[in-house]
Structure formats: C-alpha cells, structure tokens
Amino acid sequence: MIRLNPLKAIRRVLGRDDLPAGFTGELEPDERVLAVAPMPDGASCVVTTWGIWTPGEDGAHRVGWHRVSKAVWGAGVIALVEADEEPAGGAVVLTDRPVRRIRLTEPGRVPEVVQERVTASIRSRHHRELPGGGAWFVQRKVPGRDGVVLQVRPDPGTDPAAVRQVASDAAAALGLGAP
C-alpha cells in the first residue's frame, strides 16, 4: 500500500499546487499556493492567498493583493501594476509603479485566480472630487490582517496636500487606525 503525505493528499484534493523547484520566496504560515505558471526563462509565477510572487533580482517578490492596482491578461502576458503606499493618518495614499509584464508559457489558472483575488480584496470604492482633480477611495482587505485599509489613489493633478488631509480625515471618520 502506498501512503501519501497527508498534506500533499489534502492539497491534491483541494486542487492546490505545490511550490515549483527553485522558488526562493518564503510563504507565511497560513499562505497557500493557489496556482503556478512557468515563465519562458524557467522561473515561475506563483499565486497564493496573500499575493502574486514573481522572480526578481533579489529572489522571489510578492505583491500583496491589496497593492495590485491593475492586472490585465492578454497575449500570454499579465500586465501588473503594483502600488506604493504612503501613510496618511489611518489611510494610505497610493502611487503606481510602472507596468511590469509577466510572460507565462503555460498560464493555467493563474490569470483567472489573479483576477478573482484582486476583485475579492476590494470591499468598497468611490470617487470624490478634490482641489485640482479627485481621488478614488478604496477599502481593501489586507491578507493576513483583520479589517480593511483605506487606500486613496489621487487623479493626476490633484493637490497632494489635500489628498493626504482628506485621506487622514476619512480614515478617522471610519475609525481606522494607522495601517
């Protein structure tokens, strides 16, 4: 009788993937692998309950779902936009990094799972007019943390000081502490 490792058996039943050989990231204890796709250079894109892992110069890099501004799938490539966060009271103001293109040779479920996870991280969103433009106010779930974070993404040309002040005031009104 052949006995399977109980963890591997559960992962197989639940349709979970194992980490690919050569993966250099370190998963959180409750972070689970949801999908894996090979890349042309032999590395892999790993999608987990906490975010999307891609190879980088210093090893694997995870972008948490709450920091994915945009992810678009087409022509074998995920165009991923990661946001940097700047604290503003109990909120964060987002600034998008340049688009990163992740080519997948066999995408499998990766594009579908990425879309599901980014969408599921959003609890609410609305746009508000501010001096010089406006901003999107988005409440998002942060993997591994209870509650939500209030993110504010200003439109181009919006007064940065006004954005920080309104973000901080909105977070206080929602009872959100520092992120």
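Criteria and thresholds
Residues numbered from 1 in each chain as written. Predicted model: local features only at pLDDT ≥ 70, side-chain atom pairs only at ≥ 80, totals over all residues. Heavy atoms only, no water. 1 Å grid on protein atoms, 1.4 Å probe; cavity = no way out; pocket = protein on both sides within 12 Å on 5 of 7 lines; lining within 4 Å. Points joined across faces, edges and corners; volume = space filled by probe spheres on them. Helix = DSSP H or I, 4+ residues; strand = E, 2+ residues; numbered from the N terminus. Nonpolar A, V, L, I, M, F, W, Y, C, P; charged D, E, K, R; others polar. Core = buried A, V, L, I, M, F, W, Y, C linked by side-chain atoms within 4.5 Å. Buried < 20%, exposed > 50% of the residue type's maximum accessible area, 1.4 Å probe, protein only. Contact = heavy atoms within 4.5 Å. Expected span 1.5 Å × (residues − 1). Arc of directions from axis to C-beta. Polar contact = N/O pair within 3.5 Å; in protein donor to acceptor, adjacent residues only side chain to side chain.

Comments concerning the layout of surface pockets
- In this structure, the largest pocket occupies an estimated 280 Å³ of space.
- If you go around the largest pocket, you meet 14 residues; those closest to its centre are Ser69, Ile122, Arg125, Arg140 and Arg153.
- Those elements that place two or more of their residues in the lining of the largest pocket are strand S5 (68–74), helix H2 (110–121), strand S9 (122–130), strand S10 (133–141) and strand S11 (148–154).
- When residues of the lining of the largest pocket are assigned to their parent elements, the largest contribution, 4 residues, is made by S5.
- Across the lining of the largest pocket, the residue classes break down as 6 nonpolar, 4 polar and 4 charged.
- Approximately 190 Å³ is the volume attributed to the second largest pocket.

Looking at the nonpolar core
- Ranked by size, the top nonpolar core spans 18 residues in total, and within it Val47, Ile52, Ile78, Ile102, Leu104, Val110 and Val114 carry the most contacts.
- Listing elements by their share of this core, those giving two or more residues are strand S1 (33–38), strand S2 (44–48), strand S6 (77–88) and H2.
- Per element, the largest residue contribution to this core is 4 residues, and it comes from H2.
- Discounting residues that sit within four places of it in the chain, Leu104 has contacts with Ala37, Pro38, Met39, Cys45, Trp73, Gly76, Ile78 and Val110.
- Formed by 13 residues, the second largest nonpolar core is a distinct cluster that contains Ala91, Val93, Leu150 and Val152.

Some points on helix H3 (residues 160–173)
- The first and last C-alpha atoms of H3 sit 20 Å apart over 14 residues, in line with the 20 Å expected at 1.5 Å per residue.
- All buried positions along H3 are accounted for by Ala162, Val163, Val166, Ala167, Ala170 and Ala171. Burial along H3 is one-sided: seen end-on, the buried residues are contained in an arc of 155 degrees.
- Where H3 is buried, its residues contact S6, strand S7 (91–96), S9, S10 and S11.
- Backbone nitrogen of Ala161 and a side-chain oxygen of the N-cap are separated by 3.2 Å at the start of H3; the cap is Asp159.
- After H3 finishes, the residue Gly175 shows a positive phi value of roughly 75 degrees.

Keep in mind these numbers describe shape, not what the thing actually does.
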